[in-house]
Amino acid sequence: MNLIDLRSDTVTQPTPAMREAMASASTGDDVYGEDPTVDRLERVLAARLGLEAGLFVPSGTMSNLLALMSHCERGDEYITGQLFHAYKYEAGGAAVLGSIQPQPIEMEADGSLNLERVAAAIKPDDFHFARSRLLTLENTMHGKVLPLDYLAEARRFTRQRNLALHLDGARLFNAAVRLGCDPQAITRHFDSVSVCLSKGLGAPVGSVLCGSEALIGKARRLRKMLGGGMRQAGVLAAAGLYALERHVERLADDHEKARLLGDGLRSLGYRVEPVQTNMIYLQVGDRAASLKAFCAERGIRITAAPRLRLVTHLDIQPVHIEPILQAFAEFAEAQHQIAVE
Ligand SMILES: Cc1ncc(COP(=O)(O)O)c(C=O)c1O
């Protein structure tokens, strides 16, 4: 059966044209700094984001960790969101490998962190406390786009408070496409930005951390320490370059599919949160496991979460929308029958 996989935008397969670009990539030993394709990817993306330098790494997790470890020393602290990937879903890497203390705070409904709450979390300069050094944001956050004026405010705030500002921009281009802006309208507010190539952009592997020459120099040393120095990685970087050239504008198609799916589910009676980019969140409560099994029987893969996330991407076609809605309609109907029996 042809599976419709809505679990994440990480499940996409490299397209035939992307595979061709990978197969014909020029390569060299990147640990010696000799891979021309990796070099090009790093330069192209850094320039596109208006930052001085880039570093190609195997994953978004490593990219965020390198940012945290490059901004902070042992005994420093980063302020972050309770549900942010760089805090909750990265195996505690900053604490385990960087001796950096996380200070998570609750996020607001729009995915931002309230700057008064951030201010209250900053530690005084006193030897009892860890040194607050860095604030991290995530954009998009659960599919939501942070407003540009909020980013400007966060920049002003971090300057006043002597904090660096890092963006987990795993889905930065989704945010830029949704806002219809140049990505630099977002990235100009940050000291460092991590971008994933293997999410909505559809490459099989890789992220790029961008920042100043000095920060990226530090991160390059740390990448080697963490075992992330790769050799003929140009075959992977070529997929990233291809994605940056061909798969950015098309993110609008993913957003449109998500909007259609969200509207359709809402009209079936599901409680769907407003959809901004390629993620749809809906409340399914304790029916999550049975919904997952029900969908699986119909060739549709979802996770089993009470607040269910469905993600559209390169491998979800417009023709998939109808069978997905059909499955959710049948499930709602079956549940209704069970309730009245
Ligand atoms: C917002 C965000 N940041 C970082 C990551 C980490 O990326 P990776 O899976 O490549 O380590 C993810 C992964 O899903 C993510 O969603």
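Residues numbered from 1 in each chain as written. Predicted model: local features only at pLDDT ≥ 70, side-chain atom pairs only at ≥ 80, totals over all residues. Heavy atoms only, no water.

S.K.: Tell me about the sheet that holds strand 3 (residues 76-81), and please be specific about residues and values.
M.R.: Read from one edge to the other, the open sheet built from 7 strands follows the order 2-8-7-6-5-3-4, with strand pairing classed as mixed. At either margin of the open sheet sits one strand with a lone partner, and together these are strand 2 (53-57) and strand 4 (101-105). Averaged over all pairs of adjacent strands, the angle between strand axes in this sheet comes to 20 degrees, irrespective of strand direction. Pairing between strand 3 and strand 5 (residues 131-138): 4 bridges, direction parallel. Bridge pairing in strand 5 places Ile79 opposite Leu135. Helix 2 (residues 36-49) contacts strand 2, strand 7 (192-196) and strand 8 (207-211) of the sheet and is inclined by roughly 130 degrees relative to strand 2. (Pairing = 2+ DSSP bridges. Helix = DSSP H or I, 4+ residues; strand = E, 2+ residues; numbered from the N terminus. Axes fitted to C-alpha atoms, helices over the stretch in contact; angles between N-to-C directions. Contact = heavy atoms within 4.5 Å.)

S.K.: Help me get a handle on the site of the ligand, residues and values and all.
M.R.: Around the ligand lies a shell formed by Ser59, Gly60, Thr61, Asn64, His85, Glu90, Glu138, Asp168, Ala170, Arg171 and Lys199. Contact distances for the ligand include 2.6 Å between an oxygen atom and a side-chain N or O atom of Thr61. Coverage of the ligand by the protein chains reaches 80% of its 390 Å² of free accessible surface. Here the shell around the ligand takes 3 residues from helix 3 (residues 60-71), the largest share from any one element. (Near = heavy atom within 4 Å. Polar contact = N/O pair within 3.5 Å; in protein donor to acceptor, adjacent residues only side chain to side chain. Areas by Shrake-Rupley, 256 points an atom, 1.4 Å probe, with all protein chains shown as cover.)

S.K.: Give me the lowdown on the UniProt feature "domain: Aromatic amino acid beta-eliminating lyase/threonine aldolase" (unreviewed entry) in the protein chain, citing residues and values where you can.
M.R.: Look at the UniProt record and you will see "domain: Aromatic amino acid beta-eliminating lyase/threonine aldolase" (unreviewed entry) annotated at residues 5-283. When the span residues 5-283 is considered, its composition is 43% helix and 17% strand, and the gap between its end C-alpha atoms is 19 Å. (UniProt positions renumbered as here; feature names shortened; annotations may be inferred.)

S.K.: Tell me about the state of the cysteines, residues and numbers included.
M.R.: Considering all chains together, one arrives at 0 disulfides under this definition. Unpaired in terms of disulfides, Cys181 finds its nearest cysteine sulfur in Cys210, a separation of 16 Å. (Disulfide = S-S within 2.5 Å.)

S.K.: Let's hear about the side chain of Asn139: which residues, and what values?
M.R.: With respect to the helices, strands and loops of the structure, Asn139 is situated in the loop between strand 5 and helix 7 (148-160). By relative accessible area, Asn139 is classed as buried at 0%. Here the side chain of Asn139 touches Leu146 through a polar contact of 3.0 Å, landing on its backbone nitrogen. In contact with Asn139, other than residues within four places in its own chain, are Lys144, Val145, Leu146, Leu151, Leu167, Asp168, Gly169, Ala170, Arg171, Leu172, Ala175 and Ile186. (Buried < 20%, exposed > 50% of the residue type's maximum accessible area, 1.4 Å probe, protein only.)

S.K.: Mind laying out the pattern of salt bridges, listing which residues take part and the relevant values?
M.R.: Scanning the entire structure with this criterion turns up 21 salt bridges. A salt bridge links Arg40 to Glu245; the nearest nitrogen and oxygen atoms lie 3.3 Å apart. Within this pair, whereas Arg40 is found in helix 2, its partner Glu245 is found in helix 11 (residues 234-246), the two being separated by 205 residues in sequence. With a relative accessible area of 44%, Arg40 lands in the partly exposed category. We note a salt bridge from Asp76 to Arg133, for which the minimum N-O separation is 3.0 Å. Here Asp76, found in strand 3, pairs with Arg133, found in strand 5; they are 57 residues apart in sequence, far enough to count as distant. Arg133 sits in the partly exposed class, given a relative accessible area of 34%. Several salt bridges share partner residues, and in doing so they unite Glu256, Arg259, Asp263 and Arg266 into one network. (Salt bridge = Lys/Arg side-chain N within 4 Å of Asp/Glu carboxyl O.)

S.K.: Help me get a handle on the domain arrangement of the protein chain, residues and values and all.
M.R.: Here the domain parsing of the protein chain yields domain 1 (14-246) and domain 2 (250-340). Each of domain 1 and domain 2 has a C-alpha centre, and the two are 30 Å apart. On the domain 2 side, the residues contacting the 15 residues of domain 1 number 15 residues. Interface of domain 1 and domain 2: buried area, both sides summed, is about 1,300 Å²; carbon and sulfur atoms make up 55% of it. It is His142, Asn174 and Arg178 that lose the most area in domain 1 upon contact with domain 2, and together they represent 35% of the buried surface on that side. The interface formed by domain 1 and domain 2 includes 1 salt bridge. Glu273 is the salt-bridge partner of Lys144, the closest N and O atoms lying 3.9 Å from each other. (Domains from an automatic or database assignment. Buried area = accessible area lost by both parts, 1.4 Å probe.)

S.K.: Mind laying out the nonpolar core, listing which residues take part and the relevant values?
M.R.: Inside soluble globular proteins, nonpolar side chains tend to come together where they are buried. Counting 53 residues, the largest nonpolar core has Leu49, Phe56, Leu137, Phe173 and Ile186 as its most contacted members. By residue number, the principal contributor to this core is helix 11, which donates 6 residues. With near-sequence residues (within four places) excluded, Leu49 lies in contact with Leu172, Phe173, Pro183, Gln184, Thr187, Val193, Val195 and Cys210. (Core = buried A, V, L, I, M, F, W, Y, C linked by side-chain atoms within 4.5 Å.)

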